[in-house]
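Single-letter residue listing:
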Amino acid sequence: MNERQEVERGKQAEAVLENVAVKYAFEQIEKDIINQWKQASDTADREKLHLSLQLLARIESVLKQAVANGVVSNQILERQGLMARLAEKVKR
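Residues numbered from 1 in each chain as written. Predicted model: local features only at pLDDT ≥ 70, side-chain atom pairs only at ≥ 80, totals over all residues. Heavy atoms only, no water.

A. Geometry of the pattern of salt bridges. Taken as a whole and assessed by the stated rule, the structure comprises one salt bridge. Where Lys 64 meets Glu 60, a salt bridge forms, and the shortest distance between an N and an O atom there is 3.6 Å. Taken as a pair, Lys 64 and Glu 60 lie in helix H3 (residues 43-91) at a separation of four residues, close to a single helical turn. For Glu 60, a relative accessible area of 31% gives the class partly exposed. (Salt bridge = Lys/Arg side-chain N within 4 Å of Asp/Glu carboxyl O. Helix = DSSP H or I, 4+ residues; strand = E, 2+ residues; numbered from the N terminus. Buried < 20%, exposed > 50% of the residue type's maximum accessible area, 1.4 Å probe, protein only.)

B. The side chain of Ser 73, seen in detail. By secondary structure assignment, the location of Ser 73 is in helix H3. A relative accessible area of 5% means that Ser 73 is categorised as buried. Ignoring sequence-local partners within four residues, the contact set of Ser 73 consists of Glu 3, Glu 6 and Val 7. (Contact = heavy atoms within 4.5 Å.)

C. Representation of helix H2 (residues 20-39) in the model. Here H2 contains 20 residues, and its C-alpha end-to-end distance of 29 Å stays within 8% of the 28 Å for a straight helix at 1.5 Å per residue. Between the side-chain oxygen at the start of H2 and the backbone nitrogen of Ala 21 there is a gap of 2.8 Å, and the oxygen is on Asn 19. (Expected span 1.5 Å × (residues − 1). Polar contact = N/O pair within 3.5 Å; in protein donor to acceptor, adjacent residues only side chain to side chain.)

D. Layout of the environment of Lys 23. Looking at the secondary structure, you find Lys 23 in helix H2. Those residues in contact with Lys 23 that sit more than four places away from it in its chain are Leu 17 and Glu 18.

E. Broad picture of the packing of H2 against H3. The geometry of H2 relative to H3 is characterised by a closest axis approach of 9 Å and an angle of 160° between their N-to-C directions. Between H2 and H3, the angle is such that the two are roughly antiparallel. Crossing handedness for the pair H2 and H3: left-handed. Listed contacts from H3 to Phe 26, Ile 29, Glu 30, Ile 33, Ile 34, Gln 36 and Trp 37 of H2 are Arg 46, Leu 49, Ser 52, Leu 53, Leu 56, Ile 59 and Glu 60. Classifying every residue of the contact of H2 with H3 by side-chain character gives nine nonpolar, two polar and three charged. (Axes fitted to C-alpha atoms, helices over the stretch in contact; angles between N-to-C directions. Parallel < 35°, antiparallel > 145°, perpendicular 65-115°, else oblique. Left-handed = near helix turned anticlockwise from the far one by under 90°. Nonpolar A, V, L, I, M, F, W, Y, C, P; charged D, E, K, R; others polar.)

Right, here's the structure in full:
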């Protein structure tokens with residue numbers, strides 16, 4: 001994936017993370033899992049719920065990493081643009 005694609009992916013991930021409905025869904029799912037975990041009497045059920053909670057956190061982590069990668073890629077593109085402009089000035 002090139003830098004421009006990373007920037008675009010980062011913007012899309014940021015939009016997802018900032019979306020009110022998505023935030024609400026993450027919060028509700030987390031609350032539901034925790035409540036089910038508290039009420040579970042079976043160890044296997046608690047383990048499944050724990051894995052569900054970890055998966056939810058992983059999804060959020062992947063989105064946040066995409067945002068961070070997009071920021072870095074944008075900085076790289078800005079520096080490349082600056083270097084190109086400087087090279088043009090030196091040629092003149």
